[in-house]
Amino acid sequence: MKSLFFSEFCRWAVVSIFALLILLSESGAAPSFESDWSGNRIWIGPEYWANPLQDWELSGNEVIGLAAANRTLHQLTHQVSSQSGQLRMSVDVRLEDGINKGAKSVGGFRFGIKGDLEGYRHALVLPTSWLEAGVHEDGRVTLEKKVSSSKLDPNEWIHLQLSAELDGERATIELIASQESTGKRVRLRTSVPVEDIQGNLALLSGGAQAKPDRGKAAKWHFRDWEMEGTALSSRPDQVFGPILWTQYTLSDEIVKLLVMMAPVEGSNAPVRLEMKEDGKWVQQSSQRIDQLSRTACFRLEDWDSSRNVDYRIACHWEGHDYSWEGRIRAEPVNQSSVSMAAFSCDNGYTFPNTTMVRNVGIQDPDILYFAGDQIYESHGGFGITRHPVDIAMLEYLRKYWMFGWTWRDLLKDRPSIIIPDDHDVFQGNIWGHGGRRIPDMGEKLTGQDWLKGGYGMDPDWVNAVERTQTGSLPDPVDPRPVEQGIGTYFTRMQYGGLDLAIIEDRKFKTGPKDPAKDEPQLLGPRQEAFLETWMQDKDDDIKVFLSQTIFCKVTTHAGKALKFSENGTDSNGWPKNKRDKALRILSSEDVIMVHGDQHLGALVHQGVDAWEDGPIAFMVPGAPNGFPRAWWPEEKGLDQKPGEPSWTGRYMDSLGNRMTVLAAANPEKGSNLLSKAEVDPETIAHRKGSGHGVIRFDRDTREVTFEMWRFQFDAIQPKPEDQFTGFPKTIHLNQ
């Protein structure tokens, strides 16, 4: 009897356990992650974001981080998002002493990382709150404000195990640090509001210095990073790389497609371009990765521009296959209207510009134009590195990745024109002076150096930067390099009934305090000759001139205090004689000019020898604006039209140039003094006059409509007040 009962009990237990396993399988296990590190390289992998890129490296099965301020390695696919549940996270950590042995540092976890805007990407580069747990350089264990009295040996491996219980209101956190070599074990506990633990998860290689000597700083080593728990969310689609994004142009039956790659050093495998034919992917060509710019460029001739073609970029790396898909759109020759969205001067504090990207996607422009300052030196924090070239390039790439990650879902399936401006090449202003090195430049580049004219960065670095942004442009019309071997990219693109001249208005321009006292240049003879040829080519296409900045000074106030400012040599209104020469070349036929740079949106009819005898110029504001500018003239313009704002009409700018201001996208007064403590970053951007432009070209009627959209609006249900005062504006080109 007893034996029968025991047998029945065992059978019941087996059935119950089996049913429980089925239930757990159906409900899904708790999200989890385990690092799988191997190899030797800078870039850790597609599941991670390193702050900054050059201060983290993979060595065998370990990740090593430079011990310095805010050095973090974020895990991209898992975040704490629930208000209840559990979190378990562990890693092994040890300290590698540098020459400055004993400098304050900590190795461990940074977690609950959040920014002022929602989303894991914003928190990667603009964090405002977090928690910390780890080991100090002296062996003391820390969990938030608690520090142990007992010490472990930081130069031997220490196992850190963090656990948290979230009950909807509070999170009870426990850190256990144990060391096999010494047999010691330290335990700390704390409790925080549950919202404090929600957010990104990262490894921390912290230190006191912001920019330590790389050869002297200590380093923290990490291995076997694991996490699991019902409080975690799992999003495998949040990886970034090794194929980061694509950008392309189509002109004269030639496609130029640029692939931006992560630093996958050690991989000799080429990047493949495949096209979909009859439902199957067919390889077209392959390219090696340029080792400095981390790009691969494809050039496809005899392209049939009448059809949509799906493409795929593919590569095999570290035993895995990766791909990125997009579409080369049919050229819009059968539609009467072609649209271009224009952007400039992204100061970075609203990364990844979720609202703007969503709205532009709804507007669905045919072409994207980025007029420069895709990045600033402040992008992602940590300042800039000027040398050596390889480290400076990694600094630039991390910043430029923010641009690509923002726009890649739109870049992949429509042509884009991207040109660099001053901040893209780590200069606050640039007068390129034909590519020369800045004369008598000291170790530290200053604003006075910029005024002399020339480049402050190494020419190999400048060429690599230009390749990342302009590598997909049509071939340059005059590819001869300028001084120092710096290349050129000024070119012509014909697409959808538009004939576009893409100009380098910074590279040839003389510095206003040129020590050699050369005759000031603006576009230079080579670009002037190109424009004369371009203008002589008569056809039905609408001619569009694209450059970084406008050919007049349509700003009156600038800076944090928005003080009156007459300085305008940074604009193309100076030097005046070369400005006039360029506009005379363009004035023989209707031309639309499109620019950025000045952080202010405006629509201006330019004049040379008489009012309105030059082209219409459209300048877009920053997206978002940083250094603010405004057009607030003290006097009303001449011949101001009834009902127009007081700042419209005919004006002579501070450089002596005629301009008729048709509309301006001014910031709100006082917005320059707003802080994140008062309002969120997107609202600051909106009130500071940030936004983007859309130009609609009607080839049949030869009407051009200029739209200037404010930063915050809903493109599904746009309202008149969503555009700046005076927009939209429509002008008629002469037949």
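Data block above holds the structure.
What comes next concerns the included structure. From a predicted model like this one, the values you see are computed outputs, not experimental measurements.

### Examining the overall build of the chain
Item 1. From N to C terminus, the chain includes ten helices and 41 strands.
Item 2. Taking 2.2 N^0.38 as the reference for a compact globule, 735 residues should give roughly 27 Å; the C-alpha atoms of the chain span a radius of gyration of 29 Å, in line with that estimate.
Item 3. Dimensions of the chain, computed from the C-alpha atoms along their principal axes, are close to 110 × 60 × 50 Å.
Item 4. Expressed as a percentage of the 735 residues in the chain, the buried residues total 59%.
Item 5. Sequence-distant contacts in the chain: of pairs separated by 6 or more residues, those separated by 24 or more amount to 70%.
Item 6. Carbon and sulfur atoms provide 48% of the accessible area of the chain, an area that totals close to 29,600 Å².
Item 7. Between the centroid of the 82 positive side chains of the chain and the centroid of its 104 negative side chains there is a distance of 4 Å.

### Quick look at the pairing of strand 23 (residues 309-317)
Along a regular strand, successive side chains alternate from one face of the sheet to the other.
Item 1. Across four bridges, the pairing between strand 20 (residues 271-277) and strand 23 is antiparallel. In the sheet register, Arg272 faces strand 23, and the bridge partner there is Ala314.
Item 2. Direction of pairing for strand 23 relative to strand 24 (residues 320-328): antiparallel, over a ladder of nine bridges. Pairing of Ile313 across the sheet is with Trp324, part of strand 24.
Item 3. Where strand 23 hands over to strand 24, the hairpin turn is made up of two residues, of which Glu318 adopts a positive phi near 50°.

### Some remarks on unusual backbone geometry
Item 1. The omega angle of the peptide bond from His387 to Pro388 is 0°, so this bond is cis rather than trans.
Item 2. Geometrically, the link from Trp574 to Pro575 is a cis peptide bond, its omega value of -5° lying close to zero.
Item 3. Positive phi, close to 55°, is recorded for Asp440, a residue that is not glycine.
Item 4. Within the secondary structure layout, Asp440 lies in the loop between strand 27 (416-418) and helix 6 (447-452).
Item 5. Phi is positive for Asp597, which is not a glycine, with a value near 80°.

### Side note on the sheet that holds strand 24
Item 1. Read from one edge to the other, the open sheet built from four strands follows the order 21-20-23-24, with strand pairing classed as antiparallel. Because the sheet does not close on itself, it has two edges, and the strands there are strand 21 (280-287) and strand 24. Between one strand and the next, the sheet's axes are offset by a mean angle of 30°, whatever the strand orientation.

### A look at the packing of aromatic side chains
Here a ring pair, both rings aromatic, is described through the centre-centre distance and the interplanar angle of the planes.
Item 1. Applying the stated criterion across every chain yields a total of 30 aromatic pairs.
Item 2. When the ring of Tyr396 is compared with that of Trp461, the centres are 5.9 Å apart and the planes differ by 75°; the resulting orientation is edge-to-face. Separated by 65 residues along the polypeptide, Tyr396 in helix 5 (residues 389-411) and Trp461 in helix 7 (residues 459-470) bring together distant segments of the chain.
Item 3. Grouped by ring-pair contacts, the aromatic residues Trp245, Phe343, Phe370, Tyr396, Tyr400, Phe403, Trp407, Phe426 and Trp461 constitute a single cluster.
Item 4. For the cation-ring pair, Arg658 lies above Trp611, with the distance from its terminal atom to the ring centre recorded as 5.6 Å.

### Here's the deal with the nonpolar core
Item 1. Membership of the largest hydrophobic core comes to 149 residues, with the highest contact counts inside it found for Trp401, Trp407, Trp461, Leu531, Val554 and Phe706.
Item 2. The biggest single contributor to this core is helix 5, with 14 residues.
Item 3. Beyond its immediate sequence surroundings of up to four residues, Trp401 is in contact with Trp43, Trp49, Leu53, Phe240, Leu244, Trp245, Met260, Met261, Ala262 and Pro263.
Item 4. Among the nonpolar cores identified, the runner-up in size contains 47 residues, and Met89, Val135, Leu143 and Leu175 belong to it.

### Focus on the pairing of strand 10 (residues 140-143)
Item 1. Relative to strand 10, strand 9 (residues 127-136) runs antiparallel, the two being bridged by three bridges. Opposite Val135, over in strand 10, you have Val141 as the bridge partner.
Item 2. If you look at the hairpin formed by strand 9 and strand 10, you'll find three residues sitting between the two strands, and Gly139 has a positive phi there, around 95°.
Item 3. Note that strand 10 and strand 11 (residues 146-151) share three bridges and pair antiparallel. Paired with Arg140 across the strands is Lys151, a residue of strand 11.
Item 4. If you look at the hairpin formed by strand 10 and strand 11, you'll find two residues sitting between the two strands, and Glu144 has a positive phi there, around 55°.

Reading guide: rules and limits
- Residues numbered from 1 in each chain as written.
- Predicted model: local features only at pLDDT ≥ 70, side-chain atom pairs only at ≥ 80, totals over all residues.
- Heavy atoms only, no water.
- Helix = DSSP H or I, 4+ residues; strand = E, 2+ residues; numbered from the N terminus.
- Rg over C-alpha atoms; globule rule 2.2 N^0.38 Å.
- Buried < 20%, exposed > 50% of the residue type's maximum accessible area, 1.4 Å probe, protein only.
- Contact = heavy atoms within 4.5 Å.
- Areas by Shrake-Rupley, 256 points an atom, 1.4 Å probe, with all protein chains shown as cover.
- Lys, Arg positive; Asp, Glu negative; His and termini not counted.
- Charge placed at Lys NZ, Arg CZ, Asp CG, Glu CD.
- Pairing = 2+ DSSP bridges.
- Axes fitted to C-alpha atoms, helices over the stretch in contact; angles between N-to-C directions.
- Phe/Tyr/Trp six-rings, centres within 6.5 Å; stacked < 30°, edge-to-face > 60°.
- Lys NZ or Arg CZ within 6 Å of the ring centre and 35° of its normal.
- Core = buried A, V, L, I, M, F, W, Y, C linked by side-chain atoms within 4.5 Å.

Everything listed here is a matter of geometry and, on its own, says nothing about what the molecule does.
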